[in-house]
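Secondary and tertiary structure notes
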Amino acid sequence: MNSTTRFKLSFMMFLEFFIWGAWFVTLGTFLANNLKASGSETGAVFSTQSWGAIIAPFIVGLIADRYFNAERILGVLHIVGAILMYQMYNATDVSVFYPYVLGYMILFMPTLALVNSVSFNQMKDPEKEFANIRVFGTIGWIIAGLLISFVFHWDSPEGIQSGLLKNTFLMAGIVSLVLGLFSFTLPATPPKVSEGGVKVKDILGLDALKLLKDKNFAIFFISSILICIPLAFYYQNAGLFLADIKVSNPTGKMAIGQVSEALFLLAIPVFFSKYGFKKTILVGMLAWALRYVLFAYGNADNLSFMLIIGIALHGVCYDFFFVSGQIYTNSKAGEQVKSAAQGIITLATYGVGMLIGFMVAGQITDMYKSGDMTDWKMVWIIPAGIAAVVFLLFALLFNDKTKSEVEAKTA
């Protein structure tokens, strides 16, 4: 890969995740303060990510992979996305905002697969080269958060009260337009589907369902769905929680989670090979319960360190569960259904699991809200309890017989 191509792919990743980080982290705070949304309405808005994840494989598989170059459809999706972002920026009511954010997420979620396709198409050895490109996405997300907190101060108490968080959509829209136009300069990535085309069962990964006959994989599959219920609480409520209890520069502080994610990613191979899949994923589950306990009992004053630790645990929570789960799935699937197996796990977690999670999180938030006051202790204790129950069920029911096999696969 020459230096020009490397720069283009890195810049593409930077912009892709800058866009997502520019508005999604502060979405809960924006909805509660600018649009006066209830917990259930906020849950419905966040669930558009899940609907996007469910619909995305059809857009990529039935349209992008069959008829168009990946970089061209990436460009079109981001240009249309910029228009929808501008409409979200102008929205003054949840009922007006919702159809635009739903349309946007249906268009945005497929771009996550498209940027990977464009990148992989230029790589001779993706396993070695991809991480060096993908890291710029994490950097983009972090910088978006830092700009919101430390440069524009949109998430300061004064900024929130003045409604300045609506500007996050304008910023994301401008960058989306830039990426849309820039995409047409990316290396050509033509469709690669054979003459027979793609089938719906391939898109949904239905061939991988036979893996559920394996008791351990079935337990992992169900646990993956269940653990995404408490996961949704973090995405939906963390930013709003920090802003509500008057933590300074909350969006910038939440970027600590992305730094943690990048660092702990390096620890996965070592931990995985030494302790095996079961212990690795249990650490991830336990971290979810622990972080929510820290959120429940921390505050913006003398116990603020508990909140920072809770945010920093994001790397353990995400990497030790999702990344190790991807490795485990890869080892169990075999060559023929490897892609299908990853697809069905993604559908189960980001689709079904988080869809349920956002609904539950919205209802729980409403249940413990009275006027302008929210009982955040209870809002966090409940997902901590759910994560602890999933931890116990997985610890008792999952029998890690394939440790040596997984170790061999990851060595």
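Right above here is the structure, for reference.
Please read these numbers as outputs of a predicted model, since none were measured by experiment.

Cut-offs and rules
Residues numbered from 1 in each chain as written. Predicted model: local features only at pLDDT ≥ 70, side-chain atom pairs only at ≥ 80, totals over all residues. Heavy atoms only, no water. Helix = DSSP H or I, 4+ residues; strand = E, 2+ residues; numbered from the N terminus. Buried < 20%, exposed > 50% of the residue type's maximum accessible area, 1.4 Å probe, protein only. Contact = heavy atoms within 4.5 Å. Areas by Shrake-Rupley, 256 points an atom, 1.4 Å probe, with all protein chains shown as cover. Lys, Arg positive; Asp, Glu negative; His and termini not counted. Charge placed at Lys NZ, Arg CZ, Asp CG, Glu CD. Salt bridge = Lys/Arg side-chain N within 4 Å of Asp/Glu carboxyl O. Axes fitted to C-alpha atoms, helices over the stretch in contact; angles between N-to-C directions. Parallel < 35°, antiparallel > 145°, perpendicular 65-115°, else oblique. Nonpolar A, V, L, I, M, F, W, Y, C, P; charged D, E, K, R; others polar. Phe/Tyr/Trp six-rings, centres within 6.5 Å; stacked < 30°, edge-to-face > 60°. Lys NZ or Arg CZ within 6 Å of the ring centre and 35° of its normal. Arc of directions from axis to C-beta.

1. Section: the overall build of the protein chain
Counting its regular elements, the protein chain contains 17 helices and two strands. Looking at the protein chain as a whole, 54% of its 411 residues are labelled buried. Counting only contacts in the protein chain whose residues sit at least 6 apart along the sequence, the fraction spanning at least 24 positions is 84%. When the accessible area of the protein chain is evaluated, it comes to approximately 17,500 Å², of which 64% is carbon and sulfur surface. Taking the 28 positively charged and 25 negatively charged side chains of the protein chain as two groups, their mean positions are separated by 6 Å.

2. Re the pattern of salt bridges
Oppositely charged side chains are able to pair whenever their charged atoms sit close together. Summed over the entire model, instances satisfying the criterion amount to two salt bridges. Its salt-bridge partner being R72, residue E71 comes within 4.0 Å of it at the nearest N-O pair. With a relative accessible area of 4%, E71 lands in the buried category. A residue is classified by how much of its surface remains accessible, and R72, at 49% relative accessible area, is partly exposed. Note that K332 and D214 form a salt bridge whose closest N and O atoms lie 2.7 Å from each other. Placement of K332 in helix 14 (residues 314–333) and of D214 in the loop between helix 10 (200–204) and helix 11 (215–244) is noted, with a sequence separation of 118 residues between them.

3. Examining the packing of helix 12 (residues 250–297) against helix 13 (residues 304–312)
Two elements in contact, helix 12 and helix 13, have axes whose closest approach is 6 Å; the angle formed by their N-to-C orientations is 140°. With respect to helix 13, the element helix 12 is oriented oblique. Where helix 12 approaches helix 13, its residues K253, M254, I256, G257, S260, F264, R291, L294, F295 and Y297 are matched on the opposing element by M306, L307, I308, I309, G310, I311 and A312. Residue classes in the contact of helix 12 with helix 13 are distributed as 12 nonpolar, three polar and two charged.

4. Some words on the packing of aromatic side chains
How two aromatic rings sit relative to each other is set out by the distance from centre to centre and by the angle between their planes. Within the structure shown, the criterion is met by 46 aromatic pairs. On the numbers, 6.0 Å between centres and 40° between planes, the contact of W288 with Y292 is tilted. On the criterion of helical spacing, the pair formed by W288 and Y292 is a turn pair, its members being four residues apart in helix 12. No difference in accessibility class separates W288 from Y292, as the two residues are buried. Between the NZ or CZ atom of K166 and the centre of the ring of Y89, over which it lies, the distance is 4.6 Å. The ring of Y234 has R291 sitting right over it, with the charged end atom 3.8 Å from the ring centre.

5. Remarks on the environment of F358
Residue placement: F358 occurs in helix 15 (residues 338–367). According to the relative accessible area criterion, F358 is buried, its value standing at 0%. In this structure, the C-alpha to C-alpha distance between F358 and L231, residues 127 residues apart in sequence, is 8.9 Å. Not counting the four nearest positions on each side in its chain, F358 is found in contact with G43, F46, S47, Q49, S50, A232, Y235 and Q236.

6. What to know about helix 13
Taken as a whole, helix 13 has its buried residues at M306, L307, G310 and I311. End-on, the buried residues of helix 13 take up no more than an arc of 135°, which puts them together on one face. The inward-facing, buried residues of helix 13 contact helix 11, helix 12 and helix 14.

7. Considering the side chain of S223
Along the chain, S223 falls in helix 11. S223 has contacts with M285, F321, V390 and F394, leaving out every residue within four places of it along the chain.

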